[in-house]
Amino acid sequence: GAGVSQSPSNKVTEKGKDVELRCDPISGHTALYWYRQSLGQGLEFLIYFQGNSAPDKSGLPSDRFSAERTGGSVSTLTIQRTQQEDSAVYLCASSLSRDYNEQFFGPGTRLTVL
Amino acid sequence: LAKTTQPISMDSYEGQEVNITCSHNNIATNDYITWYQQFPSQGPRFIIQGYKTKVTNEVASLFIPADRKSSTLSLPRVSLSDTAVYYCLVVSSNTGKLIFGQGTTLQVKP
């Protein structure tokens, strides 16, 4: 089957605009994670979904960031009023379940805020 | 979550065995040790995980002493294509989330 897919692969936006990043996990994977990777911060956890609920949002950097997951499948990460420091690669990963530790990562969305 | 410490970088030559050691002094009972590999412009890829003793798969071995405060990833006979960043992580079975450190940049030379 297909792996984790993310869209768009690249996104350039202007400061202050809202962006939506999409993640399609591997079919049947109940756990979904968002991470971001930037030069200054390395790879950091943002949020975790089990099914459609998000029991751990501890990594979201501010209230401008939100995420949802519908139908236990697709997830959308939304960044409102983007700032230049939001520029990073946003990675999505999925796994069979929360306690199954092999996470499969997508290729990422490279976000550039001008 | 347990913090991990690993060397920032390592150099090796093709055909050699590479051992990357990671310390995780505050590992909890429910935590697993897992290693990921990341190539430039790609997402991380799972290599191996273990709880204690030794685990081996087709690409690597993971050695974990009895106190579990450290672990060693062993890559046999590396090739140029093994040049990548290797992350050691301690993962809670309660949350599953991965907390990445700086990783070890392995450079394999011809």
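What you see is a predicted model, and the numbers here were worked out from it, not measured in a lab.

### Focus: the environment of V74 of chain A
Residues and elements named next belong to chain A.
Link 1 in the chain: Among the structural elements, V74 can be located in the loop between β7 (65-69) and β8 (75-79).
Link 2 in the chain: You can call V74 buried: its relative accessible area is 17%.
Link 3 in the chain: Sequence separation of V74 and C23 is 51 residues, and the distance between their C-alpha atoms is 5.7 Å.
Link 4 in the chain: The residues touching V74, leaving out its near neighbours within four places in the chain, are R22, C23, D24, P25, E68 and R69.

### Things to note about the state of the cysteines
Link 1 in the chain: Applying the stated rule across the entire model yields 2 disulfides over all chains.
Link 2 in the chain: Sulfur-sulfur distance for the disulfide between C23 of chain A and C92 of chain A comes to 1.8 Å. The disulfide joining C23 of chain A to C92 of chain A has a torsion of about -65 degrees about its S-S bond and is therefore left-handed. With a gap of 69 residues between them, C23 of chain A in strand β3 (residues 19-24) and C92 of chain A in strand β9 (residues 88-95) connect regions that are remote in the sequence. Here C23 of chain A and C92 of chain A have matching classes, each one buried.
Link 3 in the chain: The disulfide partner of C22 of chain B is C88 of chain B, and the S-S distance across this bridge is 2.1 Å.

### Thoughts on the nonpolar core
Link 1 in the chain: Membership of the largest hydrophobic core comes to 21 residues, with the highest contact counts inside it found for W35, I47, L73, L75 and Y86 of chain B.
Link 2 in the chain: Broken down by secondary-structure element, the contributors of at least two residues to this core are β2 (18-23), β3 (31-38), β4 (45-50), β6 (61-64), β7 (70-75), β8 (84-92) and β9 (104-109) of chain B.
Link 3 in the chain: For this core, the element with the highest residue contribution is β8 of chain B, accounting for 4 residues.
Link 4 in the chain: Those residues in contact with I47 of chain B that lie beyond four places of it in its chain are W35, Y36, Q37, N57, V59, A60, L73 and Y86 of chain B.
Link 5 in the chain: Residues L32, F49, L77 and A88 of chain A belong to the second largest nonpolar core, which totals 19 residues.

### Focus on the sheet that holds β3 of chain A
All names here are of chain A.
Link 1 in the chain: The sheet built from 4 strands is open, its strands ordered β1-β3-β8-β7 with antiparallel pairing. The open sheet terminates on both sides in strands that have one partner only, identified here as β1 (5-7) and β7. Averaged over all adjacent pairs, the angle separating strand axes in this sheet is 15 degrees, with direction ignored.
Link 2 in the chain: Relative to β8, β7 is paired through 5 bridges, and the arrangement is antiparallel. Opposite R69, over in β8, you have S75 as the bridge partner.

### Remarks on the packing of aromatic side chains
Link 1 in the chain: Inspection of the entire model under this criterion finds 11 aromatic pairs over all chains.
Link 2 in the chain: With a centroid separation of 5.9 Å and 80 degrees between ring planes, the pair formed by F105 of chain A and Y36 of chain B is classed as edge-to-face. Within this pair, whereas F105 of chain A is found in strand β10 (residues 104-105), its partner Y36 of chain B is found in strand β3, the two belonging to separate chains. Take F105 of chain A and Y36 of chain B: they sit in the same class, and that class is buried.
Link 3 in the chain: Judged by centre distance (5.0 Å) and plane angle (90 degrees), the ring pair of Y87 of chain B and F100 of chain B falls under edge-to-face. Pair noted here: Y87 of chain B is in strand β8 and F100 of chain B is in the loop between β8 and β9, with a separation of 13 residues, a long-range link. Across the pair, exposure class does not vary: Y87 of chain B and F100 of chain B are buried alike.
Link 4 in the chain: Counting every residue linked through ring pairs, the aromatic cluster contains Y33, Y35, F45, Y48 and F105 of chain A together with Y36, F46, Y87 and F100 of chain B.
Link 5 in the chain: In this arrangement the basic side chain of R68 of chain B is found over the ring face of Y51 of chain B, its NZ or CZ atom lying 3.9 Å from the centre.

Conventions used here
Residue indices follow the written sequence of each chain, beginning from 1 at its first position. All chains are assigned letters beginning with A, and all ligands numbers beginning with 1, in the order in which they are written. Side-chain atom pairs in this predicted model are given and counted only at pLDDT of 80 or more, local residue features only at pLDDT of at least 70, and totals for whole chains, interfaces and linings cover all residues. Processing note: side-chain calculations cover all non-hydrogen atoms of the structure and skip hydrogens and water entirely. Starting at the N terminus, helices and strands are each numbered in turn, a helix being any DSSP run of H or I of at least four residues and a strand any DSSP run of E of at least two. Buried means the residue's accessible area, taken with a 1.4 Å probe over protein chains only, is under 20% of the maximum for its type, while exposed means over 50%, and partly exposed covers the values in between. We call two residues in contact when some of their heavy atoms are within 4.5 Å. Whenever a pair of cysteine sulfur atoms sits within 2.5 Å, that pair is classed as a disulfide. Residue types Ala, Val, Leu, Ile, Met, Phe, Trp, Tyr and Cys, when buried and joined through side-chain atoms within 4.5 Å, form a set referred to as a nonpolar core. In this description, strands pair whenever DSSP reports at least two bridges between them. In this description, a line fitted to the C-alpha atoms serves as the axis of each element, helices being fitted only across the stretch in contact, and the angle between N-to-C directions of two axes falls anywhere from 0 to 180 degrees. A pair of aromatic rings is counted whenever rings of Phe, Tyr or Trp (Trp by its six-membered ring) have centres within 6.5 Å, and the orientation is called stacked for planes under 30 degrees apart, edge-to-face for over 60 and tilted otherwise. Counting as a charge over the ring demands two things of the Lys NZ or Arg CZ atom: a distance within 6 Å of the ring centre and an angle within 35 degrees of the ring normal.

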